[in-house]
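# Secondary and tertiary structure notes
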Amino acid sequence: MTINPNSFYESLNESGFNFFAGVPDSLLKDLCACIFENTPPGHNIITANEGNALGMACGYHIATGNYGVVYMQNSGEGNIINPLLSIADPDVYSIPMLLLIGWRGEPGVRDEPQHAKQGKVTCELLDCMGVPYQVLDDNWQIQLAHSLEIMRNRSCPVALVIRKNTFEKYEFKVKDNGSPLSREQALEIILSNLDEDDFIVSTTGKTSREIFEIREARSQDHAHDFLTVGGMGHTSSIAFGMAIGTKKNIWCIDGDGSFLMHMGAFPIIAQNAPDNFKYILNNNGAHESVGGQPTVALCIGISAILRACGFEVVYEASTPDEIKTGMEVVRKKPKAALVITTHQGSRIDLGRPTKTPQENKTVMMAQFESYR
Ligand SMILES: Cc1ncc(C[n+]2csc(CCOP(=O)(O)OP(=O)(O)O)c2C)c(N)n1
């Protein structure tokens, strides 16, 4: 049986849950869409990272006595560990809240390699942190009531772990931001303007999948591309580390959701960036890869932020010619960045990398070695 997102959402509301915060997840995309469309302004916050969402649920509970709901992919468990254990835990402030955790990489269910380890330890991590949890199933109403009871009795965070295909489809209309290019078209242009010995570090989600497929379609190898399949938000740090270790150009191709997730990295990166660190941000104003929920990235001055962090030149582009010119500028100048605006959407038949992360690493390391 699958659960109707509306019914689940209504039950949450009836149970007194009226504040939501989190980072969307492909496995929870229908529920996230339902929450997004039905929750009054200010009561569903799409946060930069899952730890922030947990912090908000703490504050909301203290101010109101009500319980917040924090939604996340299980990769987000990594981001909540510190605020969960050092704030919300019953040994510290003892703050109740409901965690909805999408279970990617569940053992026995086919999934992508970045979810393998996290999928194996999702429940163990909760056990280890002392978070009571249930895996959501047909008895979801009883499970919800039980979660509430534990929260009331023990005043602690409680989790519902959610398997793939648990929720029925919820139609979500993505807002058009009016940009002429799709992310994949922008990536085609970027890849066409790289030198043969340039390297790429690309962000989590469809960006890396599209880059992989463009290389395949062009019969190019993948030895210059690091696909940051997991570790969302750390693409820029990986690229920075690589740039420190080589004289070759390292082009970081980031997404706005990823940029926001660990934006604190940017002042440090910009202040220390070697000349071969080249930053490109693809801003579609959304978590496009996991359902298209908006980020705040089209409402804030990203270029101004990058400049304030220490990027001396920030070039903005939204057309093929502007991307080409922007890349020439970034190639020539140190501490330069290119911010591209694209619209949402991707091919329905978009595949996934057919090489494993370790194969990716091995060919890349051999490539670096050949240049030394
Ligand atoms: C810590 C963590 N939280 C959530 C996810 C799920 N996730 C994968 S891709 C993605 C969206 C990335 O958005 P953005 O960087 O803007 O790229 P876009 O998909 O829009 O191209 C999310 C939320 C994740 N992989 N890791």
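Description of the structure in this document.

Reading the values: the criteria
Residues numbered from 1 in each chain as written. Predicted model: local features only at pLDDT ≥ 70, side-chain atom pairs only at ≥ 80, totals over all residues. Heavy atoms only, no water. Helix = DSSP H or I, 4+ residues; strand = E, 2+ residues; numbered from the N terminus. Buried < 20%, exposed > 50% of the residue type's maximum accessible area, 1.4 Å probe, protein only. Contact = heavy atoms within 4.5 Å. Pairing = 2+ DSSP bridges. Axes fitted to C-alpha atoms, helices over the stretch in contact; angles between N-to-C directions.

## Overview of the environment of proline 24
Residue placement: proline 24 occurs in the loop between β1 (19-22) and α2 (29-38). What makes proline 24 buried here is its relative accessible area of 6%. For the pair proline 24 and glycine 291, spaced 267 residues apart in sequence, the C-alpha to C-alpha distance is 7.7 Å. Dropping the residues within four chain positions of it, proline 24 is found in contact with Cys32, Ile46, Tyr71, His287, Val290 and Gln293.

## Quick look at unusual backbone geometry
With phi around 60 degrees, serine 94 is a residue other than glycine that occupies positive phi space. Inspection of the secondary structure assignment puts serine 94 in the loop between α4 (76-88) and β4 (97-102). Although it is not a glycine, asparagine 165 sits at a positive phi angle of roughly 60 degrees. Looking at the secondary structure, you find asparagine 165 in the loop between β6 (157-162) and α7 (183-192). Under the relative-accessibility criterion, asparagine 165 is labelled exposed at 60%.

## Overview of the pairing of strand β3 (residues 68-73)
Burial runs high along β3: six of the six residues are buried. Side-chain alternation along β3 places Gly68, Val70 and Met72 on one buried face and Val69, Tyr71 and Gln73 on a second face that is also buried. By the bridge criterion, four bridges tie β1 to β3 in an arrangement that is parallel. Bridging across to β3, phenylalanine 20 finds its partner in valine 69. As paired strands, β3 and β4 are joined by six bridges and run parallel to one another.

## Notes on the sheet that holds strand β2 (residues 44-46)
Across the sheet, which stays open at both edges, the six strands sit in the order β2-β1-β3-β4-β6-β5 with parallel pairing between neighbours. Each of the sheet's edge strands pairs with one partner strand only, and the pair in question is β2 and β5 (133-135). Taking the axes of each pair of neighbouring strands and ignoring which way they run, one obtains an average angle of 15 degrees across the sheet. Pairing analysis gives three bridges linking β1 to β2, with the strands arranged parallel. Bridge pairing in β2 places alanine 21 opposite isoleucine 45. Each of β4, β5 and β6 touches helix α6 (residues 140-154); the most contacted strand, β6, lies at about 160 degrees to it.

So, to be careful, I would describe these as geometric facts and stop short of saying anything about function.
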